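Now for the letters of each chain:
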Amino acid sequence: MTPSIMFVSLLFVGLSMLISLVLKSKFASYSKIPLASGLSGKEVAEKMLKENGIYDVQVVSVNGFLSDHYNPANKTVNLSPDVYNGTNVSAAAVAAHECGHAVQHAAGYAWLGLRSKLVPAVQVSSTLVQWVLLAGIILINRFPQLLLAGIVLFAMTTLFSLVTLPVEFDASRRALAWLNRTNVTNQTEYPKAKDALKWAAMTYVIAALASLVTLIQYILVYQNRNR
C-alpha cells in the first residue's frame, strides 16, 4: 500500500469510527424514549408488512447489536434482540427500515435486485482483493497485470458500495413515510426516528466514498507505474 493510499484509508477509518460513535449514541439515546403506541419492533415490522400486503415474510430475532437486516433469499426480516423486543423509537425506526427492504423486494425495486445479483461476485472479490492488490503493488514493475486484476476486484466491491446507497436511502424513505402515515410514531417521536435513520445511512455514504477514492488511487498508481 502506497503512503497516499494509506493516508486516505486512515482518514476514512477515522471518519467511519466517528460516525459509528455518533450512530451508537443516537440509538442509545432514542432507545430510552418509549413509543406512545407501545408497539415492539417485532410488532412494528409485522404491522408494516401486513399493511403493504406482504404475507410471505417472517420476522425473526437474531443475535448481535445492530445486526438487523432483510434477507431476500429466505424472505426474513432479521432483528437484533434490542430491536425485536424494544418498544422505543430506535426499535421502531430500525424495524421499519428493514421492512422497507422487504417492500422493495415485493415491488421489484431494481437497485435491490442489482445488489442481490452482485453478492456472489462481491463475496469472492472481497476474499481475494487485499492479497491481489498487495502483490500487485510489490510486483508492479515486473507484473503490472496483477495490480490490474486487483483493481478489477476492488472495482466490484466499490460498485456494490455505490449500489447499496440508493437501496438504503429508499428503504429509509419508505419506512419514514409509513411511520408518519400510520402514526406508529407521533409528532414528537417521528423526528427522532428520522434522525436515527439519517445517521445509519451516513455509514454507507462514508464506506462508498472511501471505496471510490481508494479505487481511483489504485488506478492512478497503475497508470503511473512507468513514470
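About the thresholds
- Residues numbered from 1 in each chain as written.
- Predicted model: local features only at pLDDT ≥ 70, side-chain atom pairs only at ≥ 80, totals over all residues.
- Heavy atoms only, no water.
- Helix = DSSP H or I, 4+ residues; strand = E, 2+ residues; numbered from the N terminus.
- Contact = heavy atoms within 4.5 Å.
- Lys, Arg positive; Asp, Glu negative; His and termini not counted.
- Charge placed at Lys NZ, Arg CZ, Asp CG, Glu CD.
- Phe/Tyr/Trp six-rings, centres within 6.5 Å; stacked < 30°, edge-to-face > 60°.
- Lys NZ or Arg CZ within 6 Å of the ring centre and 35° of its normal.
- 1 Å grid on protein atoms, 1.4 Å probe; cavity = no way out; pocket = protein on both sides within 12 Å on 5 of 7 lines; lining within 4 Å.
- Points joined across faces, edges and corners; volume = space filled by probe spheres on them.
- Nonpolar A, V, L, I, M, F, W, Y, C, P; charged D, E, K, R; others polar.
- Pairing = 2+ DSSP bridges.
- Axes fitted to C-alpha atoms, helices over the stretch in contact; angles between N-to-C directions.
- UniProt positions renumbered as here; feature names shortened; annotations may be inferred.
- Core = buried A, V, L, I, M, F, W, Y, C linked by side-chain atoms within 4.5 Å.
- Buried < 20%, exposed > 50% of the residue type's maximum accessible area, 1.4 Å probe, protein only.
- Patch = residues over 30% accessible without salt bridge, like charges linked within 9 Å, V, L, I, M, F, W, Y side chains within 5 Å.
- Areas by Shrake-Rupley, 256 points an atom, 1.4 Å probe, with all protein chains shown as cover.
- Salt bridge = Lys/Arg side-chain N within 4 Å of Asp/Glu carboxyl O.

An account of the overall build of the protein is requested, with residue identities and associated values reported.
Helix and strand content of the protein: seven helices and three strands. Helices (α) and strands (β) of the protein occur, in sequence order from the N terminus, as α-α-β-β-β-α-α-α-α-α. Its C-alpha atoms give the protein principal-axis dimensions of roughly 65 × 35 × 25 Å. Restricting to contacts in the protein with at least 6 residues of sequence separation, those with at least 24 account for 72%. Across the protein, the mean location of the 18 positive side-chain charges is 11 Å away from that of the 11 negative side-chain charges.

Any details on the packing of aromatic side chains? Residues and values, ideally.
As enumerated under the stated definition, the model contains one aromatic pair in all. Over the ring of tyrosine 109 we find arginine 174; its NZ or CZ atom is 5.5 Å from the centre of that ring.

Explain the layout of surface pockets residue by residue, including any values.
If you add up the space inside the largest pocket, you get close to 390 Å³. Lining the largest pocket are 20 residues, with Asp68, His97, Glu98, Glu168 and Tyr204 sitting closest to its centre. When contributions to the lining of the largest pocket are tallied by element, the ones reaching two or more residues are helix 1 (3–30), strand 2 (69–71), helix 4 (89–107), helix 5 (110–138), helix 6 (144–182) and helix 7 (189–223). Here the lining of the largest pocket takes five residues from helix 7, the largest share from any one element. In the lining of the largest pocket, the residues fall into eleven nonpolar, five polar and four charged.

Explain the sheet that holds strand 1 (residues 58–61) residue by residue, including any values.
One open sheet accounts for three strands, arranged 1-3-2; its pairing is mixed. If you trace the sheet from one side to the other, it starts and ends with strand 1 and strand 2, each paired once. Neighbouring strand axes in the sheet, compared pairwise and without regard to direction, differ in orientation by 25° on average. Pairing between strand 1 and strand 3 (residues 76–79): four bridges, direction parallel. Paired with valine 60 across the strands is asparagine 78, a residue of strand 3.

Go over the UniProt feature "transmembrane region" (unreviewed entry) in the protein, please, and point to the residues and values.
With numbering aligned to this structure, UniProt lists the feature "transmembrane region" (unreviewed entry) at residues 6–23, 118–140, 146–165 and 199–220. Along residues 118–140 the backbone is 91% helical and 0% strand, and the end-to-end C-alpha distance reaches 29 Å. What you have in residues 146–165 is 100% helix and 0% strand, and the ends, taken at the C-alpha atoms, are 30 Å apart.

So what's going on with the nonpolar core? Residues and values would help.
Val44, Leu49, Val77 and Leu79 are the most contacted members of the largest nonpolar core, which totals 36 residues. Contributing elements (two or more residues each) for this core: helix 1, helix 2 (41–51), strand 3, helix 3 (81–85), helix 4, helix 6 and helix 7. Looking at which element gives the most residues to this core, the answer is helix 4, with ten residues. Discounting residues that sit within four places of it in the chain, leucine 79 has contacts with Gly41, Lys42, Ala45, Val59, Val60, Ser61, Val62, Asp68, Tyr84, Ala95 and Glu98. Grouped together as the second largest cluster of nonpolar side chains are ten residues, Val129, Ile137, Phe154 and Tyr222 included.

Describe the environment of phenylalanine 169, with residues and values.
Among the structural elements, phenylalanine 169 can be located in helix 6. As for phenylalanine 169 and tyrosine 204, which are separated by 35 residues in sequence, their C-alpha atoms are 9.5 Å apart. Sequence-distant contacts of phenylalanine 169, that is, excluding residues within four places in its chain, are made with Ala201 and Val205.

Which residues make up a nonpolar patch on the surface, and what are the values?
Taken together, the side chains of Trp131, Leu134, Ile138, Leu139 and Phe143 make up a nonpolar region of the molecular surface, amounting to roughly 540 Å² of accessible area. For isoleucine 138, the position within the fold is in helix 5.

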